[in-house]
Amino acid sequence: MKLSGLRYLAEQGVENIWKNRMMAFASFCVLLVSLVLVGISVLAYQNVTSMIGGVEAKNEVIVYMKDDTDEAALSQTQQTLLNLPNIAEVNFYSKDDAYLALKDRMADYDVLFESLGDDNPLVDSFRIKIQDIALMNKTVSQIEQIGTVMKISAPYEFVSFLTQLRTVLSWVMGALILAMVIVSTVIISNTTKTSVYSRREEIRIMKYVGATDSFIRIPFFVEGMITGFFAGCGALLITWIVYDAVTNILNNQATLLNIIGVGSVIPFKEIYLPITLAYLLGGAGIGAVGSAFSTEKYIDV
Amino acid sequence: MVELKDVSVTYSSGVDALEHVSLKINDGDFAFVVGASGAGKSTLIKLLLKEIDATSGTVSVNGYQLDALKKREIPKLRRTIGIVFQDFRLISSMTVYENIAFVLRVIDAPPKYIRKRVPYVMNLVGLKGKAKAHPDELSGGESQRVAIARALVNDPKLLIADEPTGNIDPELSYGIVDLLKSINMQGTTVMMVTHEHELVKRFGGRIINIEGGQIVFDDIMEGTEYET
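Fair warning: this is a prediction, and the values are worked out from it, not measured in the lab. (Residues numbered from 1 in each chain as written. Chains lettered and ligands numbered in written order. Predicted model: local features only at pLDDT ≥ 70, side-chain atom pairs only at ≥ 80, totals over all residues.)

Asks: Give me the interface of chain A and chain B: which residues, what numbers.
Replies: One frequently used descriptor of interface size is the decrease in accessible area upon assembly of the parts. Contact with chain A, which involves 17 residues of that partner, is made by 15 residues of chain B. Elements with a contribution of two residues or more to the side of chain A that touches chain B: helix H1 (3-19) and helix H8 (200-208) of chain A. Looking at which element gives the most residues to the side of chain A that touches chain B, the answer is H8 of chain A, with five residues. When the residues that make up the side of chain A that touches chain B are grouped by side-chain class, the tally is nine nonpolar, four polar and four charged. (Contact = placed C-beta atoms within 7 Å. Helix = DSSP H or I, 4+ residues; strand = E, 2+ residues; numbered from the N terminus. Nonpolar A, V, L, I, M, F, W, Y, C, P; charged D, E, K, R; others polar.)

Asks: Break down the sheet that holds strand S2 (residues 16-25) of chain B for me, citing the residues and quoting the values.
Replies: All names here are of chain B. In spatial order, the strands read S2-S1-S4-S5; together these four strands make up an open sheet with antiparallel pairing. Two strands lie at the open edges of the sheet, namely S2 and strand S5 (64-65), each paired on one side alone. Pairing analysis gives six bridges linking strand S1 (residues 2-10) to S2, with the strands arranged antiparallel. Of the residues in S2, the one forming a bridge with Leu4 is Leu23. (Pairing = 2+ DSSP bridges.)

Asks: Outline the packing of H1 of chain A against helix H9 (residues 213-251) of chain A, listing residues and values.
Replies: Residue and element names in this part refer to chain A. One way to put it is that H1 packs onto H9 with a least axis distance of 8 Å and a crossing angle of 55°. Classified by the interaxial angle, the pair formed by H1 and H9 is oblique. Every pair of crossing elements has a handedness; the one defined by H1 and H9 is right-handed. Touching Leu9, Ala10, Gln12, Gly13, Val14, Asn16 and Ile17 of H1 are Phe215, Ile218, Pro219, Phe221, Val222, Glu223, Ile226 and Thr227, all from H9. Looking at the contact of H1 with H9 residue by residue, the classes come out as 10 nonpolar, four polar and one charged. (Axes fitted to C-alpha atoms, helices over the stretch in contact; angles between N-to-C directions. Parallel < 35°, antiparallel > 145°, perpendicular 65-115°, else oblique. Left-handed = near helix turned anticlockwise from the far one by under 90°.)

The values are spatial; any link to function lies outside them.
So, in structure tokens, the structure goes:
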């Protein structure tokens, strides 16, 4: 096909949007709503995962050292801990710091501490943050193998709860996203089929005068792509406004932030690039392919 | 040239639409194909356009052997045929000019040629000054002239007119047949399918009569057009 022919078909695609503006508007609305539903579901899933991650990050495994461990052994233990897999952070907490903190917390019981004199009954410890709490048991077992370790304190029950919560939420949100995608696909497919159905006679005439399948499909492809692109733009704008409003509300909830951790709610500016690309390319792609494929039934004349 | 050799068409419903039909229309001929509704006229047109395949026998149109024609080659065959329908089948969203020009776009004709050819054909069929009109602004006769212009614009070897006068006044019908005759005089083979016997009697020429899926008459008859 010559360049002028391709240009003509592309122009036809653009003109068809105006000529069939009611159907084009219906396709635009359906695509926009579908994209917003799927997009917001995905963003909600990402945020919930991030919030669970925020809660997880607040959990510490405390490794108590044997009382007679010297500084060299402590330093070696710290290095051993850092070398273990699934360890995010290792912080040393000396028995002196622990004793001062205990005294602070129990200021009303001075008598108790007076009776101890200069003796510090506490031991040195390491406070560890682990990367994946689902693997916490395995990591704790590895720490137990270190000779200088006396005891380990880990929030097993809480970790178990979070792991289960994450699994359940993954399934629920995954199912929700899948349902949104299926519903959207069905609606989009029906809308594009209706749009093409209203022009089936036009397709038949083109076939009778010797038009190739691509000659008929290209304008539909261009029309669907442009409609889908603008639906993607609209969906992006709506998502941006809604997302910003919701994150602002969440970021003003001090109690919630205390639980999930500051930064667990993903700001829009951090994700705008993949979101923009997904909406625009997704909208244009679904619109183009959906329209072109919907001609299939009427093109076989 | 159109040639059918012992062609039968049986639809999946079991209906025998054509039975052992043999027919030859030479280049430059003008033939009326007549017959009642359900006689097999539409099936014959569908066969020639390769919209359907013959159940048995061979069909040849403008040098294309249709039983051996691949799907991707069907557009090439159709570009050698102009087709005019009873209900005009114009694209309502396009102007008269666009309805005719898009046939040339289909064959990837240069824009300069399109700009020259379309007004020429419009003038030929008597549509001067109607370029910017839309189909819903035209009379039945004008609409059929647009359909004929569309069928003619890419200079087809064969023009098939399927009941071209079925939706227009009798007086205008004569004008349409006159137009088709004049197109034939310029070398295009014309096959006009109709059930209007009066029209056929008036113009005369080669008449092919189909009844019950079989050709029951194929001969040349004198017309009465110039008797009155």
